[in-house]
Amino acid sequence: MIELAQLDTEPEACPYLPDREARTRYRLVADLLPVEYDEKLSQGWRRFGSILFSPRCESCSECLSIRIPVESFSPSKSQRRVLRKNRDLVLEVEDPKLDEERLDLYTRHHADRETRRGWPSAAMGFEEYYETFCLNAVETLEFSYRLADRLVAVAYVGKAEASLNSIYAFTDPALSARSLGVYDVLCEIEEARRLAKSHLYLGYYVRGCKSMEYKASYRPHQILGSEGWQEA
């Protein structure tokens, strides 16, 4: 791994929990090897593009890395219903792409989250989309889901030596009844199993944050705490 720059942010409002401050350490990297990617994930780092990041909050430790042991995972009754509900979708796993269709889906997804969950406005153009999802320091897979010819969900997944890392997904808000986010995670777990990976990393689990708490519904799962990875 070649580190090009490092930055610790000043304290700012926490995006996950009210009345808390957050600080983040960012590392701009190049030539990140798959085995190095595994090491960083196991230490609690996350990645977007060529940037690694992890929380450095002084008075809070609620951002806990969570991962799914692929071989022991078993879908719940509700997750099996989601699988049946989406049997008509076609999944393609390929290299990341940039086009009007993907940017439009991302824009509609984010606008829906702004309205329903109070996310801050974040307009994204072609250049930012490319830098965020397509310009990566390590191999990254794009999961694209179609209903007939219609693109309804896209997810980006980092490929490490022994694991996969779920980076980001966006879905068609008109199809919320299908639980496409849940379906995507189930597909990512299945792809990790097919590739003989040991874990799928789901990012951070934050108790009290609706956008993060859903991750605990995939069982069994492991949480990274002060004593290392523990099954929950």
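Bear in mind that the values here come from a model prediction, so they are computed numbers and not experimental data.

How each quantity is defined
Residues numbered from 1 in each chain as written. Predicted model: local features only at pLDDT ≥ 70, side-chain atom pairs only at ≥ 80, totals over all residues. Heavy atoms only, no water. Salt bridge = Lys/Arg side-chain N within 4 Å of Asp/Glu carboxyl O. Helix = DSSP H or I, 4+ residues; strand = E, 2+ residues; numbered from the N terminus. Buried < 20%, exposed > 50% of the residue type's maximum accessible area, 1.4 Å probe, protein only. Pairing = 2+ DSSP bridges. Axes fitted to C-alpha atoms, helices over the stretch in contact; angles between N-to-C directions. Contact = heavy atoms within 4.5 Å. Core = buried A, V, L, I, M, F, W, Y, C linked by side-chain atoms within 4.5 Å. 1 Å grid on protein atoms, 1.4 Å probe; cavity = no way out; pocket = protein on both sides within 12 Å on 5 of 7 lines; lining within 4 Å. Points joined across faces, edges and corners; volume = space filled by probe spheres on them. Nonpolar A, V, L, I, M, F, W, Y, C, P; charged D, E, K, R; others polar. Phe/Tyr/Trp six-rings, centres within 6.5 Å; stacked < 30°, edge-to-face > 60°.

Q: Hey, could you run me through the pattern of salt bridges in this one?
A: As a working rule, side chains carrying opposite charge can pair if their charged atoms are close by. In this structure the tally under the stated criterion is 15 salt bridges. Between Glu 58 and Arg 23 there is a salt bridge, and its shortest N-O distance comes to 3.3 Å. Placement of the pair is Glu 58 in the loop between β6 (51-55) and β7 (64-69) and Arg 23 in the loop between β3 (21-22) and β4 (24-30), with a sequence separation of 35 residues. Residue Arg 102 is joined to Glu 142 by a salt bridge in which the shortest nitrogen-to-oxygen separation is 2.9 Å. With Arg 102 in helix α3 (residues 100-117) and Glu 142 in strand β9 (residues 140-147), the pair connects residues that are 40 residues apart, well separated along the chain. Of the two residues, Arg 102 and Glu 142, both sit in the buried class. Members of the salt-bridge network, linked through shared partners, are Asp 104, Arg 108, Arg 150 and Asp 172.

Q: Help me understand the sheet that holds strand β10 (residues 150-159) in this model?
A: With mixed pairing, the eight strands of this open sheet are ordered in space as β8-β9-β10-β11-β12-β7-β13-β14. Every interior strand has two partners, whereas the edge strands, β8 (89-94) and β14 (228-231), have only one. On average, each strand axis in the sheet is inclined to that of its neighbour by 30°, with strand direction left out of account. Bridge analysis of strand β11 (residues 163-171) against strand β12 (residues 199-205) gives three bridges, and the strand direction is parallel. Opposite Leu 164, over in β12, you have Leu 200 as the bridge partner. Strands in contact with helix α1 (residues 34-42) are β10, β11, β12, β13 (222-225) and β14; relative to β11, the strand with the most contacts, it is inclined by about 75°.

Q: Looking at this structure, I do not really get the nonpolar core. What am I missing?
A: Looking at soluble globular proteins, one finds that nonpolar side chains tend to be buried together. Residues Tyr 145, Ile 189, Leu 202 and Tyr 218 are the most contacted members of the largest nonpolar core, which totals 28 residues. Elements represented by at least two residues in this core include exactly β7, β9, β10, α5 (180-194) and β12. If we ignore the near neighbours within four places in the chain, the residues touching Tyr 145 are Leu 89, Val 90, Leu 91, Arg 150, Leu 151, Val 152, Ala 153, Tyr 183, Asp 184 and Cys 187. In terms of nonpolar packing, the next biggest core, distinct from the first, is built from 23 residues, Tyr 37, Val 138, Phe 170 and Tyr 201 among them.

Q: Before we go on, may I ask you to explain the layout of surface pockets in this structure?
A: A water-sized probe, rolled over the atoms, reveals where empty space remains. Roughly 360 Å³ of volume is contained in the second largest pocket. For the second largest pocket, the lining is made up of 23 residues, of which Pro 55, Ser 61, Glu 62, Cys 63 and Leu 64 are closest to its centre. Put simply, the parts of the chain that give the lining of the second largest pocket at least two residues each are β3, β6, β7 and β13. A breakdown of the residues in the lining of the second largest pocket according to their chemical character gives 12 nonpolar, seven polar and four charged.

Q: I'm lost on the packing of aromatic side chains in this one. Help?
A: The description of two aromatic rings rests on the distance between their centres and on the angle between their planes. Using the criterion set out here, one finds 18 aromatic pairs in the structure. Look at Tyr 106 and Phe 170: their rings are 5.4 Å apart centre to centre, the planes differ by 90°, and that puts the pair in the edge-to-face class. Pair noted here: Tyr 106 is in helix α3 and Phe 170 is in strand β11, with a separation of 64 residues, a long-range link. Between the aromatic rings of Tyr 129 and Phe 170, the centroid separation amounts to 6.3 Å while the plane-to-plane angle is 80°, which identifies the pairing as edge-to-face. One end of the pair, Tyr 129, is in helix α4 (residues 126-134); the other, Phe 170, is in strand β11, and 41 residues separate them in sequence. Of the two residues, Tyr 129 and Phe 170, both sit in the buried class. Among the aromatic residues, those joined into a cluster by ring pairs are Tyr 26, Phe 48, Phe 53, Tyr 106, Tyr 129, Phe 133, Tyr 156, Tyr 168 and Phe 170.

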